[in-house]
Amino acid sequence: MIRPRAMIKAAVGYVRKNPDEVVRAAANATALRFGVPLASLRWFAGQIRGRKAPKEVEISSAPPALRLSAIVDAMGTPVRASAAIRVDEIEISDSAVRVGVRLRDVKLALVAESDSPVAMLIKSGALDLSNPGNLVNFIPKKPAMVIEAEGDRVVIDLMKAPKLANDARIKKLLGILSPILGIRAIETDHDHLYVKFRATPAGLLESANKLRSAV
């Protein structure tokens, strides 16, 4: 669990070392764009603890994609998995948060010698890593969030995650915000991840009515 005090301390330390981030954030706000330094994502990844948590997480960019690499447990076999991830679709409504991602340059490498079934598959080269979406369809207990998977593309609906689906507050918030605010793109440059928003003033009345109903 990430402690708020540690998070604030890390943020203050980063801004002190990179004072230009304040100016950058102000400029981004006027353009309805929110930038997250990749350094902060690396910090968060380093705070994740737990027996099943990914280890030795590496985060970089391959603009406009985000490149991730980590050691994960694949059915009892430690594997370093890496991929370039690009978000190519985002749809937000009062009942769904649909995100489409392209997975490119997917690689799996054994961390240590093993004769497990997973290790044998990796060594044989039988896995077609150019089409990870097709592999997702063969997962025995595919997560409910995965609503489409084909080729190099996977589409998830975050609102199908049990914790989010059963949270009435999040549903109300989506109902209020979705008519006026959407996300048009998520992409990277060499050292930032950017979330680009789309404003829809025409939905202001609908949003106001939903806000009054919620209150």
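Nothing here was measured: the structure is a model prediction, and the numbers come from that model.

What the protein chain contains, in helices and strands, is eight helices and nine strands. In terms of principal-axis extent, the alpha carbons of the protein chain reach across some 60 × 40 × 30 Å. Buried positions account for 28% of the 215 residues belonging to the protein chain. Contacts in the protein chain between residues at least 24 apart in sequence constitute 45% of all its contacts with a sequence separation of at least 6. For the protein chain, the accessible area works out to roughly 14100 Å², and carbon and sulfur atoms hold 62% of it.

Let's shift gears to the pairing of strand 9 (residues 192–199). The sheet contact formed by strand 1 (residues 33–37) and strand 9 spans five bridges and is antiparallel. Bridge assignment links Gly35 to a residue of strand 9, and that residue is Tyr194. Here seven bridges tie strand 8 (residues 181–188) to strand 9, and the two strands are oriented antiparallel to one another. Across the sheet, Ile186 pairs through a bridge with Val195, a residue of strand 9. Once strand 8 ends, the chain turns through three residues before running back antiparallel as strand 9.

Burial analysis of strand 7 (residues 153–157) places four of its five residues in the buried class, which makes it a mostly covered element. The sheet contact formed by strand 5 (residues 97–110) and strand 7 spans five bridges and is antiparallel. The residue of strand 7 that forms the bridge with Val99 is Ile156. The sheet contact formed by strand 6 (residues 146–150) and strand 7 spans four bridges and is antiparallel. Bridge pairing in strand 7 places Glu150 opposite Arg153. Connecting strand 6 to the antiparallel partner strand 7 that follows it, the hairpin turn spans two residues, and Gly151 within it adopts a positive phi of roughly 65°.

The next point concerns the packing of aromatic side chains. Scanning all chains against the criterion turns up one aromatic pair. With a centroid separation of 5.2 Å and an interplanar angle of 80°, the aromatic rings of Trp43 and Phe44 are classed as edge-to-face. Looking at Arg33, its charged tip hangs above the ring of Tyr194, at a distance of 4.1 Å from the centre.

Counted under the stated rule, the structure contains 15 salt bridges. The salt bridge partner of Arg102 is Asp152, with a shortest N-O separation of 2.8 Å. With Arg102 in strand 5 and Asp152 in the loop between strand 6 and strand 7, this pair connects stretches of sequence that are 50 residues apart. With relative accessibility at 27%, the residue Arg102 sits in the partly exposed group. With relative accessibility at 13%, the residue Asp152 sits in the buried group.

Rules of the game
- Residues numbered from 1 in each chain as written.
- Predicted model: local features only at pLDDT ≥ 70, side-chain atom pairs only at ≥ 80, totals over all residues.
- Heavy atoms only, no water.
- Helix = DSSP H or I, 4+ residues; strand = E, 2+ residues; numbered from the N terminus.
- Buried < 20%, exposed > 50% of the residue type's maximum accessible area, 1.4 Å probe, protein only.
- Contact = heavy atoms within 4.5 Å.
- Areas by Shrake-Rupley, 256 points an atom, 1.4 Å probe, with all protein chains shown as cover.
- Pairing = 2+ DSSP bridges.
- Phe/Tyr/Trp six-rings, centres within 6.5 Å; stacked < 30°, edge-to-face > 60°.
- Lys NZ or Arg CZ within 6 Å of the ring centre and 35° of its normal.
- Salt bridge = Lys/Arg side-chain N within 4 Å of Asp/Glu carboxyl O.

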